[in-house]
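The residues making up each chain are set out below.
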Amino acid sequence: MANLPAAPTQREGADLAGTTDDTQIVTMAPHPEGAMYWISGQANIIFQGRLPFHSLYEGVNSFRNSAEYKTSMVGTLYLAARRNHSVRYNTDFIYDEEAAEGRGLSEALGLAGFTNLDVVRNPNLGEAPYTARYEIHQVIGFTNETTDQDTNPFALAKEVPVRRLEFRIGKLTLPDFFDLNSVGSDSHLQFMNWTIDNNGAWDYAADTRGYTVGGMAEYDDRNWSIRYGIFAMPTVANGIDLDWAFSRAHGHNGEFEYRHSWIKDRKSVSRILFFANRAHMGTYREAIDAYLNGQDATPVIDNHAHFGALKYGFGYNTEQELTENLRVFGRFGWNEGQHESYAYTEVDQTVSLGADYAGKRWHRPVDKVAIAFVSNAIKKDHQEYLKLGGLGFLLGDGNLNYGRENIVESYYTWHAWRGLFYTLDVQHINNPGYNRDRGPAWVGSVRAHVDF
């Protein structure tokens, strides 16, 4: 799947209200305050290149060891309208149109933590525009006391009740609302790696492009929030078609968020996430046993799929502001690993740490320099399946000398003018695809991003 990045709800480091300095205005045309509508757009272009690296062998789904370069482009049009001026009872109607072009290195195969979050893994989907999101967003307030809200394509009101219930129904991508992290979630301006911008062990419901259909509810209070949703799963692993029989296939997602800082006058958020998916999934052990017993010529997990199979897991996500310019973040994720990786990526356990630093000291307040480390793992049955020659929807070197896939990524994002940003990025991947017989690999990237 592509997991195309969520529309950012706030661009860090800039206050648009009353600002005339082009170094701090972060869109080409700032959105008018108090408007009952939203019209905006973005374009994200990423050029990536890879140097040759050591490899004892390659398989069908390997990250290729030869030199290579690829370019991807994602463009999105965000449209929204607010039904009335009420603060306690507000309704937003949301519609987004999107187009994705280009390909990833090695057709986006061979890495659990792939290097470009914008890439669609099925290039046969074509470059024609498609509907990315359509949602109805309803706010029900429980108090007249309000708090400020940064208006964005998914919520148009400038003020919301301190205690409120919010509902959303329609087509969306789950990282718009779950597992958010202001330091490591936005592949338009921050990190590009799949397992740094998202929790790699969170196999969230989505089609190949990263979207699904369903509904969610969220309760917000002064210092905490809780959200839950149920969404459609794809009919096959990494498939574009969704299974509309919710009785047999669906993804449950829940999250608790607590806003409390351990450092006075500094922001901090912690989030605990869980998911439970039911879908037409196979188990690695069944595929291995069928191969060893001579039933299958090679291990093929699709031959042993069962309707209603359950895959579940949890995640932890935290961020802490240390100084005016320095922030740190971390994630941990785990899933049961017996059932096949189905919708996001082939990760059963992950841990990541990172930090970013704003360029205020060198008079570039919107610029960012950052570094992050992520270590991904898979469990014994998943390891043996790949070692015996089995293929996942991402991985398959034909053999496996297992080791954790460890990735370091660093970037500098330069705000050139208004909504125009450029980024230089480098990623070092040790044990690509969990294979000690291959790598390490270096990937360099140049990104151009425009917010309209």
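Above this note sits the structure.
Residues numbered from 1 in each chain as written. Predicted model: local features only at pLDDT ≥ 70, side-chain atom pairs only at ≥ 80, totals over all residues. Heavy atoms only, no water.

Draft legend 1. Summary view of helix H3 (residues 380-387). For H3, the set of buried residues is His382, Gln383, Tyr385 and Leu386. Looking down the long axis of H3, one finds its buried residues gathered within 160° of arc, a one-sided arrangement. Lining the buried residues of H3 we find helix H2 (284-292). (Buried < 20%, exposed > 50% of the residue type's maximum accessible area, 1.4 Å probe, protein only. Helix = DSSP H or I, 4+ residues; strand = E, 2+ residues; numbered from the N terminus. Arc of directions from axis to C-beta. Contact = heavy atoms within 4.5 Å.)

Draft legend 2. The arrangement of unusual backbone geometry in detail. Here Gly439 and Pro440 are connected by a cis peptide whose omega angle stands at 5°. Residue placement: Pro440 occurs in the loop between strand E17 (420-430) and strand E18 (441-451). Of note in this structure, His363 is not a glycine but carries a positive phi near 60°. Along the chain, the position of His363 falls in the loop between strand E14 (349-359) and strand E15 (364-377).

Draft legend 3. Molecular detail of the nonpolar core. Core analysis: the largest hydrophobic core is formed by 62 residues, its most contacted members being Phe63, Phe114 and Phe178. Taken together, the elements giving at least two residues each to this core come down to strand E2 (68-82), helix H1 (194-197), strand E11 (268-282), H2, E15, H3, strand E16 (405-417) and E18. For this core, the element with the highest residue contribution is E11, accounting for four residues. When residues no more than four places from it in sequence are discounted, the contact partners of Phe178 are Trp202, Met216, Arg227, Tyr228, Gly229, Phe231, Asn253, Gly254, Glu255 and Leu273. With six residues, the next largest nonpolar core counts Val74, Ala100, Val120 and Tyr211 among its residues. (Core = buried A, V, L, I, M, F, W, Y, C linked by side-chain atoms within 4.5 Å.)

Draft legend 4. Expanded view of the environment of Arg50. When you line up the elements, Arg50 lands in strand E1 (residues 37-50). For the pair Arg50 and Tyr411, spaced 361 residues apart in the sequence, the C-alpha separation amounts to 16 Å. Once you skip the residues sitting within four places of it in the chain, Arg50 turns out to touch Phe63, Arg64, Ser66, Ala67, Glu68, Leu105, Ser106, Trp442 and Val443. Engagement of the side chain of Arg50 in a polar contact is seen with the backbone oxygen of Ser66, the distance being 2.6 Å. Looking at Arg50, its side chain comes within polar contact range of the side chain of Ser106, at 3.2 Å. (Polar contact = N/O pair within 3.5 Å; in protein donor to acceptor, adjacent residues only side chain to side chain.)

Draft legend 5. Here's a closer look at the packing of aromatic side chains. This model, assessed by the stated rule, comprises 21 aromatic pairs. Centre to centre, the rings of Tyr357 and Trp362 are 6.0 Å apart; their planes meet at 25°, and the pair counts as stacked. Three or more aromatic residues joined by ring pairs form one cluster here, namely Phe114, Phe178, Trp194, Trp202, Tyr204, Phe231 and Tyr344. The positively charged end of Arg50 is found above the aromatic ring belonging to Phe63, 4.7 Å away from the centroid. The ring centre of Tyr130 lies 3.9 Å from the NZ or CZ of Arg209, which sits over that ring. (Phe/Tyr/Trp six-rings, centres within 6.5 Å; stacked < 30°, edge-to-face > 60°. Lys NZ or Arg CZ within 6 Å of the ring centre and 35° of its normal.)

Draft legend 6. Broad picture of a nonpolar patch on the surface. A cluster of nonpolar residues, Trp224, Ile226, Phe256, Tyr258, Ile272 and Tyr316, forms a patch on the protein surface that exposes about 550 Å² of accessible area. For the nonpolar patch, the elements supplying multiple residues, two or more each, are strand E9 (224-231) and strand E10 (250-258). In this structure, Phe256 sits in strand E10. When its relative accessible area of 34% is taken as the criterion, Phe256 is described as partly exposed. (Patch = residues over 30% accessible without salt bridge, like charges linked within 9 Å, V, L, I, M, F, W, Y side chains within 5 Å. Areas by Shrake-Rupley, 256 points an atom, 1.4 Å probe, with all protein chains shown as cover. Salt bridge = Lys/Arg side-chain N within 4 Å of Asp/Glu carboxyl O.)

Draft legend 7. How the structure looks around H2. All of the buried residues in H2 are Tyr284, Ala287, Ile288 and Ala290. All buried residues of H2 project into a common sector of 165° when viewed along the axis, lining one side. Looking at the buried side of H2, the elements it contacts are E11 and H3. Where H2 ends, the next residue or the one after it, Gly294, has phi of about 85°, a positive value.

Draft legend 8. Examining the pairing of strand E4 (residues 130-141) more closely. Judged from the 10 bridges that link them, strand E3 (residues 89-102) and E4 form a sheet pairing that is antiparallel. Each residue of the ladder has a partner; that of Asn90, found in E4, is Val139. (Pairing = 2+ DSSP bridges.)

Draft legend 9. Quick look at the side chain of Asn193. Considering the arrangement of structural elements, one finds Asn193 in the loop between strand E7 (164-172) and H1. At a separation of 2.8 Å, a polar atom in the side chain of Asn193 contacts the side chain of Thr195.

These values are about where atoms sit, not about what they do.
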